[in-house]
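# Close look at the chain arrangement
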Amino acid sequence: MAITEEGQPRVQLWGPLLCQYHVQKTVKRAELWAFLKTLEVVLPPCRIYTEHMGILDDLAPGVRWCLSWKCPHADLRRRIWHTLVDLGLGIDCAQHVQTHRSKKAIGQLNGLEGQVAQDNEAVDPLAKAPRRVAATASRGP
């Protein structure tokens with residue numbers, strides 16, 4: 001979900017992970033795919049909040065690592081890095097958001113941090129919806 005400075009939803013994205021091979025169906029790849037798809041619809045300046053520290057950890061080593069064929073999921077990382085460059089953004093456009101907080105804990109947060117935490121909780125059901133639909137469809141009538 002992309003939000004405005006005032007905390008209002010601007011864009012919400014969710015959907016299935018497109019994979020050519022079953023081995024590509026991993027949480028890491030899904031998170032990278034979501035990050036890439038988000039980059040494709042935002043306009044700078046922007047801040048992207050992710051609950052997946054792996055994205056931030058993997059981008060931290062820089063362009064040389066992300067563009068290396070040795071890098072896991074190199075195809076997505078290359079696309080992410082090139083999109084960041086095209087948008088004039090650095091890896092500092094992404095920030096981690098803590099997940100699975102209680103409603104009470106979220107209610108105690110102020111300002112943008114509180115809004116981001118609320119929005120993160122709001123999109124969790126959307127992220128899980130395609131999985132529930134796929135599981136129902138695979139069981140059959």
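Residues numbered from 1 in each chain as written. Predicted model: local features only at pLDDT ≥ 70, side-chain atom pairs only at ≥ 80, totals over all residues. Heavy atoms only, no water.

## What to know about the overall build of the protein
Secondary structure summary: the protein contains 6 helices and 4 strands in total. Starting at the N terminus and ending at the C terminus, the protein contains elements arranged as β-β-α-β-α-α-α-β-α-α. For the protein, buried positions account for 31% of its 141 residues. If you take every contact in the protein between residues at least 6 apart in sequence, the share linking residues at least 24 apart comes to 54%. Carbon and sulfur atoms form 56% of the exposed surface of the protein, whose accessible area is close to 9,300 Å². (Helix = DSSP H or I, 4+ residues; strand = E, 2+ residues; numbered from the N terminus. Buried < 20%, exposed > 50% of the residue type's maximum accessible area, 1.4 Å probe, protein only. Contact = heavy atoms within 4.5 Å. Areas by Shrake-Rupley, 256 points an atom, 1.4 Å probe, with all protein chains shown as cover.)

## Details of the side chain of Arg 77
Its place among the elements puts Arg 77 in helix H4 (residues 74–87). Beyond its immediate stretch of four places on either side in the chain, Arg 77 contacts Lys 28, Leu 32, Asp 58, Cys 66, Cys 71 and Pro 72.

## What about the pattern of salt bridges?
One pass over the structure, following the stated rule, counts 6 salt bridges. Ionic pairing is found between Arg 29 and Asp 75, a salt bridge with its closest N-O pair at 2.7 Å. Of the two residues, Arg 29 is situated in helix H1 (residues 27–39) and Asp 75 in helix H4; the sequence distance between them amounts to 46 residues. The exposure class assigned to Arg 29 is buried, which follows from its relative accessible area of 6%. Accessibility expressed as a relative area gives 36% for Asp 75, which makes it partly exposed. Lys 37 serves as the salt-bridge partner of Glu 40, at 2.8 Å between the closest nitrogen and oxygen. Within the structure, one salt-bridge network assembled from shared partners comprises Lys 28, Asp 58 and Arg 77. (Salt bridge = Lys/Arg side-chain N within 4 Å of Asp/Glu carboxyl O.)

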